[in-house]
Amino acid sequence: MTDGLRAAILAAADAIDAARGELGALDGAAGDGDHGMTMSIGARNVRRRFATLPEDAPDADLVRAAASAMGGVGGAIGPLYAAALGAIAAELDRDTGGEPGIAIARGAAQAAEAAVVRLGHAAVGDKTVLDALHPLAESLRDSEAAGRPRSEALAHAVKAADAGVAETAGMIARIGRASRLGERSRGQPDAGARSFAIIVRALVDWTGQGGVGEDRPA
Ligand SMILES: [Mg+2]
């Protein structure tokens with residue numbers, strides 16, 4: 001699925017660029033307004049790194065390249081993506097090449113969540129990217145346990161991430177710059193959670209367009 005993953009990540013980069021204004025506005029309501037720009041720089045860095053990789057680069061190498069690209073954007077979010085993507089790459093390295101079911105996505109989401117918690121010291125409910133990532137990982141765990149078909153499991157996961165973003169609108173930021181606003185941080189979704197959900201949707205939408213979206217049992 002090497003060609004598939006490269007194209008899917010590039011589709012996510014395009015989706016981030018398309019949402020740059022929205023993300024900036026969300027971050028502007030609670031922070032310094034740079035989130036759209038920061039993520040867009042990340043998208044550009046990812047494209048540049050990918051252009052230097054061979055056509056047949058393994059998935060783990062693509063993810064490591066994306067990690068390195070995101071690590072260069074700075075802010076709070078760059079290191080978080082670098083850590084999460086690095087953890088996903090390590091997870092892919094451990095993959096023994098079995099049937100690509102939902103287990104890979106579940107393992108990736110869990111590894112990303114653990115890395116974000118470790119580095120960001122955020123908890124669920126702090127109004128961060130974790131409030132989209134945690135429900136996504138939970139949804140994939142539930143789908144795997146329930147044996148949901150892959151396409152259905154991915155559709156559930158996208159909805160879970162979006163629902164998590166919507167919930168952040170009612171939260172008070174407890175971490176990062178927005179936490180200084182206290183009660184005034186309520187009312188808008190968290191920009192980092194929103195950009196994460198945009199990436200997830202783009203990745204999943206792409207797989208549904210004939211890339212790696214074959215329906216296999218989990
Ligand atoms: Mg910001």
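Worth saying up front: this structure is predicted, and the values here are computed from it rather than measured.

## Notes on helix α5 (residues 77-94)
Alright, step 1. Here α5 is 18 residues long and its end C-alpha atoms lie 26 Å apart, about the 26 Å a rise of 1.5 Å per residue gives.
Alright, step 2. All of the buried residues in α5 are I77, G78, L80, Y81, A84, L85, A87, I88 and A89.
Alright, step 3. At its buried positions, α5 is contacted by α3 (35-51), α4 (59-71), α6 (102-120) and α9 (191-208).

## Section: the packing of helix α7 (residues 130-146) against helix α8 (residues 150-168)
Alright, step 1. Running from N to C, α7 and α8 point in directions that differ by 150 degrees, and their axes come no closer than 8 Å. If you check the angle between α7 and α8, you find them roughly antiparallel. Two packed elements cross with a definite hand, and for α7 against α8 that hand is right-handed. Across from D131, A132, P135, L136, S139, L140 and S143 in α7, the residues of α8 making contact are A153, L154, H156, A157, A160, A161, G164, V165 and T168.
Alright, step 2. Its residues placed into classes, the contact of α7 with α8 shows 10 nonpolar, five polar and one charged.

## Some details on the pattern of salt bridges
Alright, step 1. Scanning all chains against the criterion turns up 12 salt bridges.
Alright, step 2. Between R148 and E152 there is a salt bridge whose closest N-O contact spans 3.7 Å.
Alright, step 3. E152 sits in the partly exposed class, given a relative accessible area of 36%.
Alright, step 4. Residues participating in the shared-partner salt-bridge network are D14, D17 and R47.

## As for the coordination of the magnesium ion
Alright, step 1. Taken together, the protein ligands of the magnesium ion are D27 (OD), D32 (OD) and D34 (OD), with distances of 2.1 to 2.3 Å.
Alright, step 2. Linear spacing of the donor residues for the magnesium ion on their chain is D-x4-D-x1-D.
Alright, step 3. Given a relative accessible area of 40%, D32 falls into the partly exposed group.

## As for the environment of D190
Alright, step 1. Assignment of secondary structure puts D190 in the loop between α8 and α9.
Alright, step 2. For the pair D190 and A132, spaced 58 residues apart in the sequence, the C-alpha separation amounts to 9.5 Å.
Alright, step 3. With residues up to four places along the chain from it excluded, the contact list for D190 reads K127, T128, V129 and T168.
Alright, step 4. Within polar-contact distance, the side chain of D190 engages the backbone nitrogen of G192 at 3.2 Å.

What counts, and where the lines are drawn
- Residues numbered from 1 in each chain as written.
- Predicted model: local features only at pLDDT ≥ 70, side-chain atom pairs only at ≥ 80, totals over all residues.
- Heavy atoms only, no water.
- Helix = DSSP H or I, 4+ residues; strand = E, 2+ residues; numbered from the N terminus.
- Expected span 1.5 Å × (residues − 1).
- Buried < 20%, exposed > 50% of the residue type's maximum accessible area, 1.4 Å probe, protein only.
- Contact = heavy atoms within 4.5 Å.
- Axes fitted to C-alpha atoms, helices over the stretch in contact; angles between N-to-C directions.
- Parallel < 35°, antiparallel > 145°, perpendicular 65-115°, else oblique.
- Left-handed = near helix turned anticlockwise from the far one by under 90°.
- Nonpolar A, V, L, I, M, F, W, Y, C, P; charged D, E, K, R; others polar.
- Salt bridge = Lys/Arg side-chain N within 4 Å of Asp/Glu carboxyl O.
- Donors = N, O, S within 2.8 Å, 3.2 Å for Na, K, Ca; no water.
- Polar contact = N/O pair within 3.5 Å; in protein donor to acceptor, adjacent residues only side chain to side chain.

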